[in-house]
Amino acid sequence: MTTITTQTITFNVFRFNSETDYLPYYKKVEMEVTSEEVVLDILNRIKWEVDGSFSYRRSCRHGICGACAIKVNGKGVLACKERMNDLIELFGTELTLEPLSIKRAVKDMIIDKEDFWVKHEAIEPYLISHIEEHPEMECAVTPAQAEALLDSDYCIQCGLCHYSCPVIEINDDFIGPAAFAKAYRFNADVRDDGIDERLDIINAPSAGVWDCVKCFECAEVCPKEVNPIEKITKLHNQIFEHGRAINNVATRHAVGFAHSIKKHGLLDEAELVRYSEGTLPMLMKHGKVGFKMFKVGKVVMPWNMPKSDKLDEVKALIKSSSTVKF
Amino acid sequence: MEKKLTYALFTGCTAKESTPEQLMSTYAVAKKLGIELVELSEATCCGASHLQDYDDFLSLVLNARNICYAESRGMTMVTICNTCQLNTAMTKHRLDSDPELKARVNEKLAEVGLEYKGTSKITHFLYALIDDFGLETIKEKVVTPLSQFNIAPFYGCHNIRPSELQNETHDSAENAYNPNSLDELIIALGGVNVDYEEKNKCCGFHAELQAPHTAAVLTGKALMGAMDANADWMVTPCPLCHLKLDTQYEHASHAVGRDVKMPVLHMQQMVGLALGCAPSELGLQHHVSKVNFV
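Not measured: the values here are computed from a predicted model.

**Some points on the overall build of chain B**
Each helix and strand counted, chain B has 13 helices and eight strands in total. The globule rule puts the C-alpha radius of gyration for 294 residues at 19 Å, and the 19 Å found for chain B is close to it. Overall, chain B is about 55 × 50 × 30 Å in size when its C-alpha atoms are taken along their principal axes. Looking at chain B as a whole, 67% of its 294 residues qualify as buried. Of all intrachain contacts in chain B linking residues separated by at least 6 positions in sequence, the fraction that spans at least 24 positions is 79%. Put simply, chain B shows about 9800 Å² of open surface, and 50% of that area lies on carbon and sulfur atoms.

**Looking at the sheet that holds strand 6 (residues 192-193) of chain B**
Residues and elements named next belong to chain B. The strand order across the open sheet built from four strands is 6-5-7-8, with neighbouring strands paired in parallel fashion. Strands with a single pairing partner mark the edges of an open sheet, and in this sheet they are strand 6 and strand 8 (264-266). Judged from the three bridges that link them, strand 7 (residues 233-236) and strand 8 form a sheet pairing that is parallel. Looking at strand 8, one finds that Thr 236 is bridged to His 266.

**Here's the deal with unusual backbone geometry**
Along the chain, Arg 161 of chain B connects to Pro 162 of chain B via a cis peptide bond; the corresponding omega equals -10°. Looking at the secondary structure, you find Pro 162 of chain B in the loop between helix 7 (157-160) and helix 8 (163-169). Positive phi values are uncommon outside glycine, yet Glu 225 of chain A reaches one of about 55°. Mapped onto the elements, Glu 225 of chain A comes out in the loop between helix 8 (217-221) and helix 9 (228-241). Judged by its relative accessible area of 59%, Glu 225 of chain A is exposed.

**Observations regarding the side chain of Arg 185 of chain A**
Residues and elements named next belong to chain A. Tracing the backbone shows Arg 185 in helix 6 (residues 177-187). In this structure Arg 185 comes out as buried when scored by relative accessible area, which is 13%. Apart from the residues within four sequence positions on either side, Arg 185 is in contact with Leu 149, Ser 152, Asp 153 and Arg 191.

**A short note on the sheet that holds strand 2 (residues 25-34) of chain A**
Residue and element names in this part refer to chain A. In space, the five strands of this open sheet follow the order 2-1-5-3-4, with mixed pairing throughout. Pairing within the sheet leaves two strands with one partner each, and these edge strands are strand 2 and strand 4 (75-78). For this sheet the average axis-to-axis angle between neighbouring strands, irrespective of direction, equals 35°. By the bridge criterion, 10 bridges tie strand 1 (residues 6-15) to strand 2 in an arrangement that is antiparallel. For Asn 12, the partnering residue across the bridge sits in strand 2 and is Lys 28.

**Description of a nonpolar patch on the surface**
Residues and elements named next belong to chain A. Taken together, the side chains of Leu 280, Leu 283 and Met 284 make up a nonpolar region of the molecular surface, amounting to roughly 370 Å² of accessible area. Among the structural elements, Leu 283 can be located in helix 12 (residues 279-295). By relative accessible area, which is 52% here, Leu 283 ends up exposed.

**Structural notes on the packing of helix 6 (residues 125-141) of chain B against helix 9 (residues 181-188) of chain B**
All names here are of chain B. Following both chains from N to C, one finds helix 6 and helix 9 inclined at 30°, their axes separated by 10 Å at the closest point. By the angle between their axes, helix 6 is roughly parallel relative to helix 9. Where helix 6 crosses over helix 9, the two elements pack in a sense that is left-handed. Contacts between helix 6 and helix 9 involve Leu 126, Tyr 127, Ile 130, Leu 135, Ile 138 and Lys 139 on the former and, on the latter, Ser 181, Leu 182, Glu 184, Leu 185 and Ala 188. Tallied by class, the residues present in the contact of helix 6 with helix 9 amount to eight nonpolar, one polar and two charged.

**Observations concerning the nonpolar core**
Grouped together as the largest cluster of nonpolar side chains are 104 residues, with contacts concentrated most on Phe 11, Leu 43, Met 84, Leu 95, Leu 97 and Ile 202 of chain A. A total of six residues in this core trace back to one element, the largest contributor, which is helix 10 (residues 249-264) of chain A. The residues touching Leu 97 of chain A, leaving out its near neighbours within four places in the chain, are Phe 11, Asn 12, Val 13, Phe 14, Leu 43, Ile 46, Ile 70, Lys 71, Val 72 and Met 109 of chain A. Counting 51 residues, the second-largest nonpolar core is a separate cluster that includes Phe 10, Val 105, Leu 114 and Val 288 of chain B.

**Topic: the interface of chain A and chain B**
Size of an interface, as often reported, equals the accessible area lost when the parts are brought together. The partner chain B presents 74 residues to the 65 residues of chain A that form the contact. Carbon and sulfur atoms supply 62% of the area buried between chain A and chain B, which totals about 5900 Å² over both sides. Taken together, the connections running from chain A to chain B amount to 31 residue pairs in polar contact (both at pLDDT 80 or more). Going through the elements one at a time, helix 2 (84-91), helix 5 (166-170), helix 8, helix 9, helix 10, helix 11 (269-277), helix 12 and helix 13 (311-321) of chain A are the ones with two or more residues in the side of chain A that touches chain B. Of the residues forming the side of chain A that touches chain B, the biggest block, eight residues, is contributed by helix 10 of chain A. Taken together, the residues of the side of chain A that touches chain B sort by class into 34 nonpolar, 15 polar and 16 charged.

About the thresholds
Counting restarts for each chain: residues are numbered from 1 in the order of the written sequence. The lettering of chains begins at A and the numbering of ligands begins at 1, in the order of writing. In keeping with the model being predicted, local features are shown solely for residues with a pLDDT of at least 70 and side-chain atom pairs are shown and tallied solely at 80 or more, while totals for entire chains, interfaces and linings include all residues. The basis for the side-chain values is all heavy atoms of the structure; hydrogens and waters are excluded. Helix and strand labels come from DSSP, where a helix needs a run of H or I of at least four residues and a strand needs a run of E of at least two; each type is numbered from the N terminus. The globule rule is 2.2 Å times the number of residues to the power 0.38, and the radius of gyration it is compared with is taken over C-alpha atoms. Three labels apply to residues, based on accessible area from a 1.4 Å probe with only protein chains included: buried if under 20% of the type maximum, exposed if over 50%, partly exposed otherwise in between. Contacts are assigned to residue pairs that have any heavy atoms within 4.5 Å of one another. Computed with a 1.4 Å probe, the accessible areas rest on the Shrake-Rupley method; for each residue, only the protein chains presented here act as cover. Here, strands pair whenever DSSP counts at least two bridges between them. The convention used is that axes are lines fitted to C-alpha atoms, helices contributing only their stretch in contact, and that angles between N-to-C directions extend from 0 to 180 degrees. Patch building starts from residues that exceed 30% relative accessible area and form no salt bridge, then joins like charges within 9 Å and nonpolar side chains (Val, Leu, Ile, Met, Phe, Trp, Tyr) within 5 Å. The rule for a salt bridge is simple: a side-chain nitrogen of Lys or Arg has to be within 4 Å of a carboxyl oxygen of Asp or Glu. The cut-offs work like this: below 35 degrees is roughly parallel, past 145 is roughly antiparallel, 65 to 115 is roughly perpendicular, and the gaps in between are oblique. Crossings are sorted by hand: turned counterclockwise from the far helix by less than a right angle, the near helix makes the crossing left-handed, and turned clockwise it makes it right-handed. Each residue gets one label: Ala, Val, Leu, Ile, Met, Phe, Trp, Tyr, Cys and Pro are nonpolar, Asp, Glu, Lys and Arg are charged, and the others, such as Gly, are polar. In this description, a nonpolar core means a group of buried Ala, Val, Leu, Ile, Met, Phe, Trp, Tyr and Cys residues linked to one another through side-chain atoms lying within 4.5 Å. As used here, buried area is the combined drop in accessible area, with a 1.4 Å probe, of two parts when they are placed together. Residues adjacent in sequence count toward polar contacts only when both atoms are side-chain atoms; beyond that, a polar contact is any pair of N or O atoms within 3.5 Å, and within protein one must be able to donate a hydrogen and the other to accept it.

In structure tokens form, the structure reads like this:
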């Protein structure tokens, strides 16, 4: 049996009451923390032993309701699941407890998750099925077909990925990783007939998957290993496979890679920008930076474009292995 | 004398085009340290996570082909771009853990006489230096300690996330929420590593064309974080982060409402400076945000 150890930890606890406070503040709390405790134990002890007005959400206490998600030193955690010892090992003995999103704080750790639910609803998170009114047999899903959901149905809607996504912080329209993963969950369901409808929602400029910056924060933070960015990639693929791609800068940018690789093996960076944006918009949007780059030798002229060796091999593979058209 | 370290170098596209200084400094550092780099001249673009959005299977086949050429040379593949590292390592992980997928990919590769076996390791040059060459050995080779500089490490998403995959590719485990490899390298070179919130955050590069405002805000926040931490310059192992931080300061300044600009060095340039390489050998003249301290 492992022995229980104790360490003195300083917590900087985010405090804010939107009804009475103009600005949030951080309260220092020092505590003896044992190796058996999880973050939720600390939240409880702050409330019970230090300040009864301290507020946070918690319910199931075993990682399934998703209510107790907060951030510790910027790392999103489910408070009931995250071991204090792991955090101390990672960050040391001074830890900052904050709500998932400071700008949405209502009281201490409690945030207003309205945007999360609005976006969740926006992707039509339910089966859209054109079934017979009086079916004569059940609608069976084989184990292999259930596997195809790739664990996207494990989402507990804790909001950790949503509020760890840097795009959510900047672009209010962006639907976000949790709702995208949910869209995939229904798009991949064999009983569902709503895929094209959903793809048009998640394909929209500014709101849709194309604004994802591919930082993998969502995959890293998810406590249920839903891996939202994997689903975001799958949604991109579905957009092309189902012929829902709109001819715009985002889709041309993805397709441009295939063109470039076919021609040079390597990516023709300047040509990719021109292909994606169009010649005139390219000059208007990127001309100034492009010129600065040209002056310091950062632009390769078309006639000097490097090529991969054995380009015939690459061309043959692109011909035989391509699975979509645009 | 220990066995000479030899790697198959996957340059990626950027080092051959918009960041020539990165390729120059990679070779300069390798020469100083006695590391042999054999360029994978057959390699194609990794797809940069965008080809993957369009045609996932095609990107697997092309990345597997790249790895084949490291395997046929019997070498570990070393990458110098975080995104190349991610896409190549992800391909390897998927093929090694899914025999059916591997067979499908190999069926295509067989048409051009290749076979993906899964025998080559894939690591980023940063981790090759740390794991294989060793920080202590690098420390011994420092001729110009960087002691007068506060240096802000900028890790770049695709070297640290998803950490489960990344930590399969190198020995020194890195935590995505508190990475330390680049910090330790700075310290080994005698520099002062500065801590700031954005060091493990996204630079916005991959959304530059389709979401320019988001991308500019992220770049601006990174530069601001480093400036407020009193850094003299930033350093990154990723040429894409470098491009964003080095060339896009005007858009970034506009987006965050403050003038943000500072010299940004490639990890290799920083090592090269400490090892006594000449600035021209490291391509410092190829920066848009001028490197004014050498």
